[in-house]
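Coordinates in review
Next come the chains, spelled out residue by residue.
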Amino acid sequence: MTKKILEICIGTPCYLMGASELIEYYNNLESRIKDKIELRTSHCLEDKCEKGPVIKFDDKLYFDVTPERLSKIIRKKTQ
Amino acid sequence: MSNNTISEVVKLKRKLYVELVKMMIKENLVEEIDYLPKKMIRDDTPRYRCCEFKERAIFSERIKMALGYSTLNNKNIELHELASDLYKADNINNIVEVIEQACDSCPIDKYIVTDACRNCVAHKCLNSCPADAIVIIQNKAFIDQNKCLECGKCARECPYGAILENSRPCVRVCEVDAIKSDAKRQARINKEKCVVCGRCIVACPFGAIADKSSIVQVTDKILKKDEKTAALIAPSFVGQFGFKVSPETVKYVLLEIGFDEVIEVAEGADRVALEESREAIESLENDRILLSSCCPAFKKMIVNDFPDLKDNLSHTDSPMLTTAEKLKRYNSDINTVFIGPCTAKKEEAADSEVVDYVLTFEELIALITGFEINLEKVIERREIRDASKFGRQFAYSGGLKGVIEELSEGKIKADNAEGLAKCIKKLTNLKAGKSNFDFLEGMACKDGCIGGPGSMINPKAARKLIENFAERSNLKLK
Ligand code: SF4
Ligand code: SF4
Ligand code: FES
């Protein structure tokens, strides 16, 4: 099975808005779900810096992402 | 993730800092600042209060503190008036303040009657209450929260322990009991007792407690071409600026945005290490147990709450003051900006002649963002070579302890305490003559400065990065 790609922007504007909490969330995922995802980091995702933290999951961009939202996004798409 | 969670209020504060810096750069702060609450608090902004109007009123107070002004002393002043003279900011007053409008929404009733209430005949609670706040409804005591003074008499009187104290998040984390409720049941900080550790700022879920910032003043200084400004970066800075951002890149960027000089505070820490280990040996000969003086919160707590131990405090200046003093000695006109994880340093700086401003890492990253620089994209570097591995270790708990043991060649038996609660324990034992160390390193923050309220990353990760950085130094301690 090909893994779904989770790209988290760690550029300074996104970092200031809590990108590290998203990375931490990914690191603590249960392996059942984590195994289906490949994590990549980015320096900036399509210049949407004003709306950080920005992520891309399965080719779709999401803005203002919190760990809670990330959890919903991931769980919905990895069922 | 750091110990400090990034809630919506924290994000809002950070966005505000970025906005202020951008306005400084565009030179339109005074003209635009009155519109900022409306611009930043819209009807779809996540909110904690009833309506965006109240949210905006609170936000205005937040702006005052971000400009370095007191919210308590500037109640009916418009933002543009404050912004038009940034250097009147009363930074010397309380660094940490409660924003009154924000605090009233803390829903916690301090005393609550539990089901253990048996409606006993004695009604000791009812009789003890000085405010007549207790009534009996359906065989159970009931506290009228509008009348309650939070004095706690009922809880002490109830023979069944049925009344519980339910403390507010801010009160619970304040180890020096500096927070009390006033007649309107709002939190109040006693400035004398407060050691500015910053815990309550992090703990309040409504962001009702804030620290004053110097971010606009520092932005102004670095934009001024005719003034010299130095950045004094705390030993804990390594790794705080982003996952792949090296210390050398941080230095490059600071010089790029207008600082004229960047120096590691570990440089001053090196000299403190030498001086303090010499003092420790001397104290040992005189049977005096020595207490470290680098952490201003630890120091202030001793002065306030352990006056008997005041003379045990080391006379050596903190690394921040030591570094700043040297810079000012060679160039008295230079502005000195300490950059660290610490709120307590804001008060230490305000009391000193040599440190002009303090920024936390959080504030500095907001400042860099305001300059539209993305550190992760910067590849340039500037060599950093100010300090030995000894000074660089001051950032985490146990660091100074190790340094003192090593420099005294094992003659000094050193111990350490991290977090005010543990410091209090060790000091209480020391006072009672029940301790077995010659030197105590005390740090108000858990894990030491890397766990400070203005830090950005997990203290464990920070510690590893700093250890590597310390090992990389090839300077010898003179
Ligand atoms: S001592 Fe710390 S927790 Fe207590 S009021 Fe001051 S900053 Fe807040
Ligand atoms: S431990 Fe460090 S960061 Fe914390 S209050 Fe003391 S000096 Fe400041
Ligand atoms: S830095 Fe995250 S989108 Fe630009």
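In this text the structure is predicted, and so the values were computed from the model without any measurement.

1. A short note on the nonpolar core
Residues and elements named next belong to chain B. Membership of the largest hydrophobic core comes to 66 residues, with the highest contact counts inside it found for Leu20, Leu67, Phe241, Ile257 and Leu367. Here this core takes eight residues from helix H1 (residues 8-26), the largest share from any one element. Each of domain 1 (8-105 + 169-213) and domain 3 (217-472) contributes no fewer than three residues to this core. Residues in contact with isoleucine 257, not counting those within four places in the same chain, are Ile222, Leu367, Ile368, Phe371 and Ile373. Ranked by size, the runner-up nonpolar core spans 45 residues in total, among them Ile95, Cys170, Val195 and Cys197.

2. Concerning the site of ligand 1
Around ligand 1, the surrounding shell consists of Cys174(B), Val176(B), Ala178(B), Ile179(B), Ile189(B), Cys194(B), Val195(B), Val196(B), Cys197(B), Gly198(B), Arg199(B) and Cys200(B). Here the shell around ligand 1 is built from residues that sort into 10 nonpolar, one polar and one charged.

3. Description of unusual backbone geometry
Outside of glycine, negative phi angles account for most residues, and trans bonds account for most peptide bonds. Cis peptide bonds are those with omega within 30 degrees of zero, and the linkage from Gly52(A) to Pro53(A) qualifies with -10 degrees. Within the secondary structure, Pro53(A) sits in the loop between strand S2 (37-42) and strand S3 (55-57). A positive phi angle, near 45 degrees, is found at Asp64(A), a position not held by glycine. Tracing the backbone through its elements, the reader meets Asp64(A) in the loop between strand S4 (60-62) and helix H4 (67-77). With a relative accessible area of 40%, Asp64(A) lands in the partly exposed category. Positive phi outside glycine occurs at Asp177(B), with the angle close to 55 degrees. Structurally, Asp177(B) is set in the loop between helix H9 (169-173) and strand S6 (179-181). We classify Asp177(B) as partly exposed; its relative accessible area is 47%.

4. Regarding the site of ligand 2
Around ligand 2, a shell composed of Cys295(B), Pro296(B), Ala297(B), Cys342(B), Ala344(B), Met443(B), Ala444(B), Cys445(B) and Cys449(B) is seen. Of the residues in the shell around ligand 2, the class split is nine nonpolar, no polar and no charged.

5. Side note on the interface of chain B and chain A
Listed per partner, the contact involves 26 residues of chain B and 20 residues of chain A. Buried area between chain B and chain A, both sides added, is near 2,000 Å², and the carbon and sulfur share of it is 60%. At the junction of chain B and chain A, the tally comes to one salt bridge. Between Lys22(B) and Glu50(A) there is a salt bridge, with the nearest N and O atoms lying 3.3 Å from each other. Where chain B meets chain A, there are nine residue pairs in polar contact (both at pLDDT 80 or more). Every element with two or more residues in the side of chain B that touches chain A is listed here: H1 and helix H17 (361-370) of chain B. Taken together, the residues of the side of chain B that touches chain A break down into 11 nonpolar, six polar and nine charged.

6. Thoughts on the domain arrangement of chain B
As a measure of interface size, the accessible area lost when the parts come together is often cited. Once the domains are mapped, chain B shows domain 1 (8-105 + 169-213), domain 2 (111-165) and domain 3 (217-472). When each unit is reduced to the centre of its C-alpha atoms, the spacing between domain 2 of chain B and domain 3 of chain B is 48 Å.

7. A word on the confidence of the model for chain B
As a general rule, the predicted coordinates of low-pLDDT regions are not to be interpreted in detail. Residues of chain B with pLDDT of at least 70 account for 96%, and the chain-wide mean is 91. Reported confidence for the predicted complex is 0.93 by ipTM and 0.90 by pTM.

8. Details of the sheet that holds strand S9 (residues 229-233) of chain B
Residues and elements named next belong to chain B. Ordered by their spatial adjacency, four strands build an open sheet running S10-S9-S12-S13, and the pairing between neighbours is parallel. Each end of this open sheet is capped by a strand with a single partner; those strands are strand S10 (261-264) and strand S13 (357-360). Averaged over all adjacent pairs, the angle separating strand axes in this sheet is 25 degrees, with direction ignored. Bridge count for S9 against S10 is four bridges, and the pairing is parallel. Note that in S10 the partner of leucine 232 across the bridge is isoleucine 263.

9. A word on the pattern of salt bridges
Pairing is possible between side chains that carry opposite charge, provided their charged atoms lie close to one another. In this structure the tally under the stated criterion is 39 salt bridges over all chains. Salt-bridge contacts for Glu38(A) lead to Arg40(A); the nearest nitrogen and oxygen are separated by 3.2 Å. Residue class for Glu38(A) comes out partly exposed when judged on its relative accessible area of 33%. A salt bridge links Glu418(B) to Lys422(B); its shortest N-O distance comes to 3.7 Å. Residue Lys422(B) is classed as partly exposed on the basis of its relative accessible area, which comes to 45%. What you see here is one network of salt bridges that share partners, running through Glu30(A), Arg32(A) and Arg75(A).

10. Points about the packing of H1(B) against helix H11 (residues 215-223) of chain B
Residue and element names in this part refer to chain B. Running from N to C, H1 and H11 point in directions that differ by 35 degrees, and their axes come no closer than 10 Å. Once H1 is placed against H11, the crossing between them reads as right-handed. Between H1 and H11, the contacting residues are Tyr17, Leu20, Val21, Met24 and Ile25 on the first element and Ile215, Val216, Thr219, Asp220 and Leu223 on the second. Considering only residue class, the contact of H1 with H11 consists of eight nonpolar, one polar and one charged.

11. Observations regarding the side chain of Asn74(B)
Mapped onto the secondary structure, Asn74(B) falls in the loop between helix H4 (52-66) and helix H5 (79-84). Within the local environment of Asn74(B), its side chain forms a polar contact with the backbone oxygen of Ser70(B), the two atoms lying 2.8 Å apart.

12. Thoughts on the packing of aromatic side chains
Per the counting criterion, the structure on display carries three aromatic pairs over all chains. The interplanar angle of 75 degrees and the centroid separation of 6.1 Å between the aromatic rings of Tyr15(A) and Phe243(B) together place this pair among those described as edge-to-face. Residue Tyr15(A) is found in helix H1 (residues 12-16), and its partner Phe243(B) is found in the loop between S9 and helix H12 (247-256); the two belong to separate chains. Judged by relative accessible area, which is 42%, Phe243(B) ranks as partly exposed. When the centroid spacing of 5.9 Å and the interplanar angle of 90 degrees are considered together, the rings of Phe237(B) and Phe469(B) count as edge-to-face. Linking Phe237(B) in the loop between S9 and H12 with Phe469(B) in helix H21 (residues 459-472), this pair joins segments that are 232 residues apart in sequence. Judged by its relative accessible area of 1%, Phe237(B) is buried. The class for Phe469(B) is buried, based on a relative accessible area of 3%. Directly above the ring of Tyr26(A) sits Lys34(A), whose terminal nitrogen or CZ lies 5.4 Å from the centroid.

Thresholds applied
Residues numbered from 1 in each chain as written. Chains lettered and ligands numbered in written order. Predicted model: local features only at pLDDT ≥ 70, side-chain atom pairs only at ≥ 80, totals over all residues. Heavy atoms only, no water. Core = buried A, V, L, I, M, F, W, Y, C linked by side-chain atoms within 4.5 Å. Buried < 20%, exposed > 50% of the residue type's maximum accessible area, 1.4 Å probe, protein only. Helix = DSSP H or I, 4+ residues; strand = E, 2+ residues; numbered from the N terminus. Domains from an automatic or database assignment. Contact = heavy atoms within 4.5 Å. Near = heavy atom within 4 Å. Nonpolar A, V, L, I, M, F, W, Y, C, P; charged D, E, K, R; others polar. Buried area = accessible area lost by both parts, 1.4 Å probe. Salt bridge = Lys/Arg side-chain N within 4 Å of Asp/Glu carboxyl O. Polar contact = N/O pair within 3.5 Å; in protein donor to acceptor, adjacent residues only side chain to side chain. pLDDT = per-residue confidence, 0-100. Pairing = 2+ DSSP bridges. Axes fitted to C-alpha atoms, helices over the stretch in contact; angles between N-to-C directions. Left-handed = near helix turned anticlockwise from the far one by under 90°. Phe/Tyr/Trp six-rings, centres within 6.5 Å; stacked < 30°, edge-to-face > 60°. Lys NZ or Arg CZ within 6 Å of the ring centre and 35° of its normal.

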